[in-house]
Amino acid sequence: MAIQIDGKAISAAVRAEVAAETAALKQEGVTPGLAVIIVGDDPASRVYVNNKKKACAEVGFHSEEFALPADTTEETLLSLIAELNARKDIHGILCQLPLPKGLSDKKVIEAISPQKDVDAFHAENVGHIMIGDYQFLPCTPAGVMELLHRTGVEVEGKRCVVIGRSNIVGKPMAMLLLHENGTVTVCHSRTRDLAAICREADVLVAAVGKPKFVTADMVKPGAAVIDVGMNRDENGKLCGEVDFDAVEPIAGAITPVPGGVGPMTIAMLMKNTLTAAKMQTGK
Ligand code: GUN
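Residues numbered from 1 in each chain as written. Predicted model: local features only at pLDDT ≥ 70, side-chain atom pairs only at ≥ 80, totals over all residues. Heavy atoms only, no water.

1. Side note on the overall build of the chain
Thought 1: Helix and strand counts for the chain stand at ten helices and eleven strands.
Thought 2: Taking 2.2 N^0.38 as the reference for a compact globule, 283 residues should give roughly 19 Å; the C-alpha atoms of the chain span a radius of gyration of 19 Å, in line with that estimate.
Thought 3: Reported as C-alpha extents along the three principal axes, the dimensions of the chain are approximately 50 × 40 × 35 Å.
Thought 4: Within the span of the chain, comprising 283 residues, buried residues form 48% of the whole.
Thought 5: Long-range pairs, those at least 24 residues apart, make up 70% of the contacts in the chain with a sequence separation of at least 6. (Helix = DSSP H or I, 4+ residues; strand = E, 2+ residues; numbered from the N terminus. Rg over C-alpha atoms; globule rule 2.2 N^0.38 Å. Buried < 20%, exposed > 50% of the residue type's maximum accessible area, 1.4 Å probe, protein only. Contact = heavy atoms within 4.5 Å.)

Encoded structure:
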């Protein structure tokens, strides 16, 4: 039986720490401010944005939502970002991705001031992460590291396997594990003998975007298995990328879906926004 890593409780602990620091910062006259941009009416994006705004209110941040129609032009979106870059009361800017067709994720990411890029998606911040000298970490990989730390899972010297190589999760995830002296392998759709590579992992992170992709034969007994997925199964029930019922008896520790990595992403966004506010105000 694996230890179930409780992302809800760990997220609440991180958010409580952020709330305490925010209260102290407010005494010094600074209220962290986050601008959240949503373009179009993707239902999943709407849920994420609502959750982000709610989390801001709970930790004591000021947040502003900018909801733009799906036919918004690039010019309008970029000029909103330029306005927000210049505002002193907004310390973090987040544009919910993916954007509707016709708008470039890349152009928007590069338009956000790196100091306000609380997603850590800008090339300048990605570069900082690569060399291990960073202020912000992308929220999902940072959330995974927080789960490992607070569960007492050691990375140093361990075999770590990340399935998936996206810019948002897989690549930065590999880098963070490497910074903590893990021996890291990144697997992807062209990897040969993927199951055998996964079976060597002491820490296995699934960020591939395919429901129930990780099966029991891919897991080493005692491994820590982290599921970044958020999918719906054939019955419409939320499920991850790990076949939880089959893997849980083998793993040493495992994250559930929901209630594992998901809540951590928002907690780390709060942490990044607080860091941004402190950096920009010299506190
Ligand atoms: N879409 C899915 N995940 C994310 C995220 O972490 N940040 C943003 N901006 N968009 C997303």
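We are not done yet, so read on.
2. Some remarks on the packing of helix α6 (residues 139–151) against helix α10 (residues 262–281)
Thought 1: The interhelical angle for the contact between α6 and α10, taken along N-to-C directions, is 105 degrees, at an axis separation of 8 Å. One element, α6, and the other, α10, form an angle in the roughly perpendicular class. Of the residues in α10, those touching α6 at C139, T140, A142, G143, E146 and L147 are M264, T265, M268, L269, K271 and N272. (Axes fitted to C-alpha atoms, helices over the stretch in contact; angles between N-to-C directions. Parallel < 35°, antiparallel > 145°, perpendicular 65-115°, else oblique.)

3. Digging into the sheet that holds strand β2 (residues 33–39)
Thought 1: Taken in spatial order, the three strands line up as β3-β2-β4 in an open sheet, and their pairing is parallel. Since the sheet does not close on itself, it has two edges, and those belong to β3 (62–68) and β4 (92–95), each with one partner. For this sheet, the mean inter-axis angle between neighbouring strands, taken without regard to orientation, is 15 degrees.
Thought 2: Examined bridge by bridge, β2 and β3 share seven bridges and lie parallel to one another. Across the sheet, residue I38 finds its bridge partner in β3, namely A67. (Pairing = 2+ DSSP bridges.)

4. With respect to the site of the ligand
Thought 1: Inspection of the region around the ligand gives K52, L94, C95, Q96, L97, D119 and F121 as its neighbouring residues.
Thought 2: One of the backbone N or O atoms of C95 is found 2.9 Å from a nitrogen atom in the ligand.
Thought 3: In the environment of the ligand, a nitrogen atom lies 3.3 Å from a nitrogen or oxygen atom belonging to the side chain of Q96.
Thought 4: Mapping the ligand onto the cavity grids shows that it belongs to the largest pocket.
Thought 5: Looking at the shell around the ligand residue by residue, the class counts come to four nonpolar, one polar and two charged. (Near = heavy atom within 4 Å. Polar contact = N/O pair within 3.5 Å; in protein donor to acceptor, adjacent residues only side chain to side chain. 1 Å grid on protein atoms, 1.4 Å probe; cavity = no way out; pocket = protein on both sides within 12 Å on 5 of 7 lines; lining within 4 Å. Sits in = over half its atoms within 2 Å of the grid points. Nonpolar A, V, L, I, M, F, W, Y, C, P; charged D, E, K, R; others polar.)

5. Some remarks on the nonpolar core
Thought 1: Judged by nonpolar contacts, the single largest core of 53 residues is most densely connected at L148, L177, V205 and M270.
Thought 2: Sorting elements by how many residues they give to this core places α10 first, with nine residues.
Thought 3: The residues contacting M270, other than those within four sequence positions of it, are R15, V18, K52, A55, C56, V59 and F61.
Thought 4: Ranked by size, the runner-up nonpolar core spans 19 residues in total, among them L77, C95, L97 and V108. (Core = buried A, V, L, I, M, F, W, Y, C linked by side-chain atoms within 4.5 Å.)

6. Section: the side chain of N272
Thought 1: Positionally, N272 belongs in helix α10.
Thought 2: In terms of polar contacts, N272 uses its side chain to reach the backbone carbonyl oxygen of V118, at 2.8 Å.
Thought 3: Of note is the side chain of N272, whose polar atom sits 2.9 Å from the backbone oxygen of L137.
Thought 4: Apart from the residues lying within four places of it in its own chain, the contact partners of N272 are V118, F136, L137 and C139.

7. Some details on the pattern of salt bridges
As a working rule, side chains carrying opposite charge can pair if their charged atoms are close by.
Thought 1: Here the structure, examined in full by the defined rule, presents 14 salt bridges.
Thought 2: Across the salt bridge formed by E28 and K283, the nearest N and O atoms sit 3.7 Å from each other. On the criterion of sequence distance, the pair formed by E28 in the loop between α1 (7–27) and β2 and K283 in the segment after α10 is long-range, its members being 255 residues apart.
Thought 3: A relative accessible area of 49% means that E28 is categorised as partly exposed.
Thought 4: The residue E58 makes a salt bridge to K54 at a minimum N-O spacing of 4.0 Å. (Salt bridge = Lys/Arg side-chain N within 4 Å of Asp/Glu carboxyl O.)

8. Concerning the environment of T273
Thought 1: Within the secondary structure, T273 sits in helix α10.
Thought 2: When residues no more than four places from it in sequence are discounted, the contact partners of T273 are P32, G33, L34, F61 and V118.

9. As for the layout of surface pockets
Thought 1: Looking at the largest pocket, its volume works out to about 1500 Å³.
Thought 2: Considering the residues around the largest pocket, the lining is formed by 49 residues, among which Y48, T140, M230, G262 and T265 are closest to the centre.
Thought 3: Broken down by secondary-structure element, the contributors of at least two residues to the lining of the largest pocket are α1, α2 (43–59), β4, α6, β9 (231–232) and α10.
Thought 4: Broken down by element, the residue count for the lining of the largest pocket peaks at nine residues, all from α2.
Thought 5: Looking at the lining of the largest pocket residue by residue, the class counts come to 26 nonpolar, 13 polar and ten charged.
Thought 6: Estimated volume of the second largest pocket: approximately 430 Å³.
Thought 7: Where the lining of the second largest pocket is concerned, the elements lending two or more residues are α4 (105–111), α5 (123–130) and α7 (170–179).
Thought 8: In terms of residue class, the lining of the second largest pocket is built from 13 nonpolar, three polar and four charged. (Points joined across faces, edges and corners; volume = space filled by probe spheres on them.)

The quantities given are spatial measurements derived from coordinates; they are silent on function.
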